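# Examining the three-dimensional arrangement
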Amino acid sequence: MTVENTKTDGPVAAPPAGPEAIKAIPVRHYGRYVSAVIALALMAGVVYAFSQGKINWGAIPDYFFDGRVLQGVGKTLLITVLSMTIGIGGGILLAVMRLSKNPVTSSIAWFYIWFFRGTPVLVQLVVWFNLGLVFEYINLGPIYKDQWSDFMTPFLTALLGLGLNEAAYMAEICRAGLLAVDEGQTEAAHALGMSHAKTLRRIVIPQAMRVIVPPTGNEVINMLKTTSLVSVVQYSELFRVAQDIGQTSGAPAEMLFLAAAWYLLLTSIFSVGQYYLERYYARGSSRSLPPTVFQKIKSNMLSFSRPKGGLA
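Because the structure is predicted, anything quoted here is derived from the model rather than measured.

It is worth spelling out the packing of aromatic side chains at this point. Taken as a whole and assessed by the stated rule, the structure comprises eleven aromatic pairs. Geometrically, the ring pair formed by Phe65 and Trp262 is edge-to-face, given 6.2 Å between the ring centres and 85 degrees between the ring planes. Here Trp262 lies in helix H11 (residues 252-281) and Phe65 lies in the loop between helix H2 (59-63) and helix H3 (67-98), a separation of 197 residues in the sequence. On the basis of an interplanar angle of 5 degrees and a centroid distance of 6.1 Å, the ring pair of Trp110 and Trp114 is categorised as stacked. Taken together, the residues span about one helical turn, with Trp110 and Trp114 both in helix H4 (residues 103-118) at a distance of four residues. One aromatic cluster in this structure is built from Trp110, Phe111, Tyr112, Trp114, Phe115 and Phe116. Across the ring face of Tyr235, the terminal group of Lys75 is positioned such that the distance to the ring centre comes to 5.8 Å.

By the definition in use, this model includes three salt bridges. Residue Glu172 is joined to Arg98 by a salt bridge in which the shortest nitrogen-to-oxygen separation is 3.1 Å. Linking Glu172 in helix H7 (residues 154-180) with Arg98 in helix H3, this pair joins segments that are 74 residues apart in sequence. Classification of Glu172 as buried rests on a relative accessible area of 18%. With a relative accessible area of 23%, Arg98 lands in the partly exposed category. A salt bridge links Glu172 to Arg175; the nearest nitrogen and oxygen atoms lie 2.9 Å apart. In this pair, Glu172 and Arg175 are both assigned in helix H7, three residues apart and thus about one turn of the helix distant. Its relative accessible area of 21% is what places Arg175 among the partly exposed residues.

On to the nonpolar core, then. Counting 21 residues, the largest nonpolar core has Ile79, Leu162 and Val230 as the members making the most contacts within it. For this core, the element with the most residues is H7, which contributes seven residues. Those residues in contact with Leu162 that sit more than four places away from it in its chain are Ile79, Ser83, Val121, Leu125, Met223, Thr226, Thr227 and Val230. Residues Leu238, Met255, Leu258 and Tyr263 belong to the second largest nonpolar core, which totals 16 residues.

The rules behind each value
- Throughout this document, residue positions are counted from 1 along each chain, in the order its sequence is written.
- The predicted origin of the model limits local features to residues at a pLDDT of at least 70 and limits the giving and counting of side-chain atom pairs to 80 or more, whereas totals for whole chains, interfaces and linings rest on all residues.
- Only hydrogens and water are set aside when side-chain values are computed; all heavy atoms of the structure are taken into account.
- For Phe, Tyr and Trp, rings pair up if their centres lie within 6.5 Å, where Trp contributes its six-membered ring, and each pair is then called stacked (planes under 30 degrees apart), edge-to-face (over 60) or tilted (otherwise).
- The helix count covers DSSP runs of H or I at least four residues long, the strand count covers runs of E at least two residues long, and both are numbered beginning at the N terminus.
- When the NZ atom of lysine or the CZ atom of arginine is within 6 Å of a ring's centre and also within 35 degrees of its normal, the charge is said to sit over that ring.
- Here a salt bridge means any side-chain nitrogen of Lys or Arg lying within 4 Å of a carboxyl oxygen belonging to Asp or Glu.
- Throughout this description, buried means an accessible area under 20% of the type-specific maximum (1.4 Å probe, protein chains only), exposed means over 50%, and partly exposed covers the range between.
- Note on terminology: a nonpolar core comprises buried Ala, Val, Leu, Ile, Met, Phe, Trp, Tyr and Cys residues joined through side-chain atoms within 4.5 Å.
- Only heavy atoms matter for contacts: two residues are in contact if any of them lie within 4.5 Å across the pair.

Below is the structure:
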């Protein structure tokens with residue numbers, strides 16, 4: 001076998017050059033800049049208007065950590081937690097009753113939800129406080145007996161008025177969460193021999209929590225603010241304490257701003273807790289969990305350090 005050597009006359013041609021690198025130019029969002037300037041201008045105008053008002057802003061930090069204010073904050077948190085405990089427990093029970101095939105229990109749950117959702121919570125608080133006009137005594141036999149006016153304290157009035165009203169709203173939230181779970185889950189659990197109660201506890205409710213948790217967190221924040229209504233039944237929570245201090249100190253408007261600042265602080269803390277609770281129950285349903293607050297801050301900080309020629 002012979003191999004022929006081939007030779008080329010002249011210079012060898014260079015390989016063709018590859019495509020040029022794409023230089024991406026970021027899109028200019030001028031509308032964002034304009035809207036940001038307008039928003040900052042409006043905010044500056046509002047701040048300037050408040051700064052020129054006849055308000056003693058120095059009184060707010062003087063009373064912000066006052067013992068009476070902190071005691072009012074503690075009572076606000078206490079009545080919020082206890083009322084939501086009653087509301088969540090009662091809501092789960094009412095939701096199960098509402099979905100029951102028993103027409104009696106279903107009708108009772110429907111009537112309860114209809115009544116408490118149909119009347120304002122302020123009216124319910126006042127009615128609870130004045131039920132002594134109907135029931136002069138409360139008699140539980142050998143357990144307890146007393147006059148209604150002594151039994152229905154401001155704390156108990158606030159607890160019953162807020163908790164029982166919240167149970168009606170939580171019942172609908174829980175019912176929506178239970179209905180969101182596919183019926184095949186229940187049928188499969190029953191086919192394995194699980195009882196109805198165990199199916200709810202082990203199969204249905206854990207899956208329904210992904211639907212129940214977000215609106216429940218919203219209800220907790222709403223309950224925190226609704227506690228201000230219990231001042232009408234003489235319960236010394238944050239709003240009433242702020243009013244009392246404002247009357248004695250001669251700074252009623254300043255104390256209202258102080259109460260608003262405390263409500264904003266508490267709702268912000270509750271909102272962070274709600275976010276992490278939602279993130280916890282999102283496990284298994286999302287391919288990637290939503291970023292935490294610190295992860296969002298880190299990603300936003302890193303976005304400022306991108307080179308101008310990089311991809312947008």
